[in-house]
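Structural characterization, general
Listed below, chain by chain, are the residues.
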Amino acid sequence: MKILSIQSSVAYGHVGNSAATFPLQRLGHEVWPVLTVHFSNHTGYGAWRGPLLAPADVADVIRGIGEREVPGSDGKPVSVLATADAVLSGYQGAEEVGAVVLDAVARVKELNPRAVYCCDPVMGDVGRGMFVRPGIPEFMRDHVVPHADVLTPNHFELDFLAGTTTRTEAEVLDAVDSVRDRGPRDVLVTSVITDATPAGSLEVVAVSDDGAWAVTTPQLPITPNGCGDVTSALYLAHLRTTGSPQVALERTTSSVFSILEATIAAGTREIQLVGAQASIANPPERFTARQLR
């Protein structure tokens, strides 16, 4: 695939495009990373340096990509954006950046109607609440999510998008369905904990027109930055290449779990993408999804 990925970037460590690009490339996909910020490191350290790129500059980079031409199927030149199979986005710090992303999605889909938009609606998490500035969650819910084809919220974000609190498996599925009714057909929910989730475990739930599946994994004692970015990228890649939400779920969770294990073994704060690259390129068969419906 060819993927236009519009996300943040860090020089040290792995979040945003710095977490998504290498795994996608390791799977054999072409990635066009467009940066929304270029920081020295992720903000979880409490201090960082580097620029927050102006939305107009982000749009200008995308416009420049679109001005490049390659031969089309009939031999005539077409915009490079016409060859994009997907647009991927993560954290959007301002409505203006979100508007740039949506403009890019509209342009890519105009040129290639088969292209999809995968949105990781980064807004908050359990125990932290919303960590984006006021207004962003509502903007994501009302303006961005309806344009997504693939959506990858965590459990906390799903509850916000659905306007409810989910404690059972059935409630999670109902919440996903309410979000799917507004646009995205494929939804992956991470860090799911229900009343029936075994102690010391987490669940990841995938829902599509074909059904719903869940994978249960041990809950590891770390929550490093960047895991959500990797998860969204891998799920998009496996979903589009296999056409199976179940297989995409199994491969994604197996790879991410292996990355976390490698991170624990290394004793580092940053996820070990390079060290675990074999598990990215060839996902181990660690988890089998159970069908929910």
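Right, let's walk through the structure included here. Because the structure is a prediction, the values reported are computed rather than measured.

**Describing the pattern of salt bridges**
One pass over the full model with this rule turns up twelve salt bridges. Between Glu-169 and Arg-290 there is a salt bridge, with its nearest N and O atoms 3.1 Å apart. With Glu-169 in helix 6 (residues 169–180) and Arg-290 in strand 13 (residues 290–291), this pair connects stretches of sequence that are 121 residues apart. Residue classification places Glu-169 among the partly exposed positions, given a relative accessible area of 32%. Connected through shared salt-bridge partners, Asp-177, Arg-180, Arg-185, Asp-209 and Arg-293 make up one network.

**Quick notes on the sheet that holds strand 2 (residues 30–39)**
If you trace the nine strands from one edge of the open sheet to the other, you get 2-1-5-6-9-10-11-12-13, paired in mixed fashion. Both outer strands of the open sheet, strand 2 and strand 13, are each paired with one neighbouring strand and no more. Note: strand 11 (residues 201–208) against strand 12 (residues 211–218), eight bridges, orientation antiparallel. Opposite Ala-206, over in strand 12, you have Trp-213 as the bridge partner. The strands that helix 5 (residues 155–162) touches are strand 9 (150–151) and strand 10 (186–192); relative to strand 10, the one it contacts most, it runs at about 125°.

**Observations regarding empty space enclosed by the protein**
Across all of its chains, the model carries one cavity of 30 Å³ or more by this definition. Within this model, the largest cavity holds a volume of roughly 60 Å³. The element best represented in the lining of the largest cavity is helix 6, accounting for three residues. Within the lining of the largest cavity, the residues separate by chemical class into six nonpolar, one polar and three charged.

**Focus: the state of the cysteines**
Applying the stated criterion across every chain, the model contains zero disulfides. Cys-118 forms no disulfide, and the closest cysteine sulfur to it belongs to Cys-119, at a distance of 7.5 Å. Owing to a relative accessible area of 0%, Cys-118 belongs among the buried residues under this scheme. The buried category is assigned to Cys-119, whose relative accessible area is 0%.

**Let's talk about the side chain of Thr-36**
Structurally, Thr-36 is set in strand 2. Looking at Thr-36, the relative accessible area reads 7%, which means it is buried. One polar contact links the side chain of Thr-36 to the main-chain amide nitrogen of Ser-8, over a distance of 3.2 Å. In contact with Thr-36, not counting residues within four places along its chain, are Ile-6, Gln-7, Ser-8, Leu-52, Leu-53, Val-58 and Val-97.

**Considerations on the nonpolar core**
Ranked by size, the top nonpolar core spans 46 residues in total, and within it Leu-4, Ile-6, Ile-62, Tyr-117, Leu-151 and Val-205 carry the most contacts. It is helix 3 (residues 95–111) that contributes the most residues to this core, six residues altogether. Every residue in contact with Ile-62, bar those within four places of it in the chain, is listed here: Leu-4, Ile-6, Val-34, Leu-81, Val-100 and Ala-104. Core analysis: the next-biggest nonpolar cluster, separate from the first, contains 24 residues, Leu-24, Val-116, Val-215 and Phe-257 among them.

Parameters at a glance
- Residues numbered from 1 in each chain as written.
- Predicted model: local features only at pLDDT ≥ 70, side-chain atom pairs only at ≥ 80, totals over all residues.
- Heavy atoms only, no water.
- Salt bridge = Lys/Arg side-chain N within 4 Å of Asp/Glu carboxyl O.
- Helix = DSSP H or I, 4+ residues; strand = E, 2+ residues; numbered from the N terminus.
- Buried < 20%, exposed > 50% of the residue type's maximum accessible area, 1.4 Å probe, protein only.
- Pairing = 2+ DSSP bridges.
- Contact = heavy atoms within 4.5 Å.
- Axes fitted to C-alpha atoms, helices over the stretch in contact; angles between N-to-C directions.
- 1 Å grid on protein atoms, 1.4 Å probe; cavity = no way out; pocket = protein on both sides within 12 Å on 5 of 7 lines; lining within 4 Å.
- Points joined across faces, edges and corners; volume = space filled by probe spheres on them.
- Nonpolar A, V, L, I, M, F, W, Y, C, P; charged D, E, K, R; others polar.
- Disulfide = S-S within 2.5 Å.
- Polar contact = N/O pair within 3.5 Å; in protein donor to acceptor, adjacent residues only side chain to side chain.
- Core = buried A, V, L, I, M, F, W, Y, C linked by side-chain atoms within 4.5 Å.

Interpretation note: all reported values are geometric properties and have no functional meaning in isolation.
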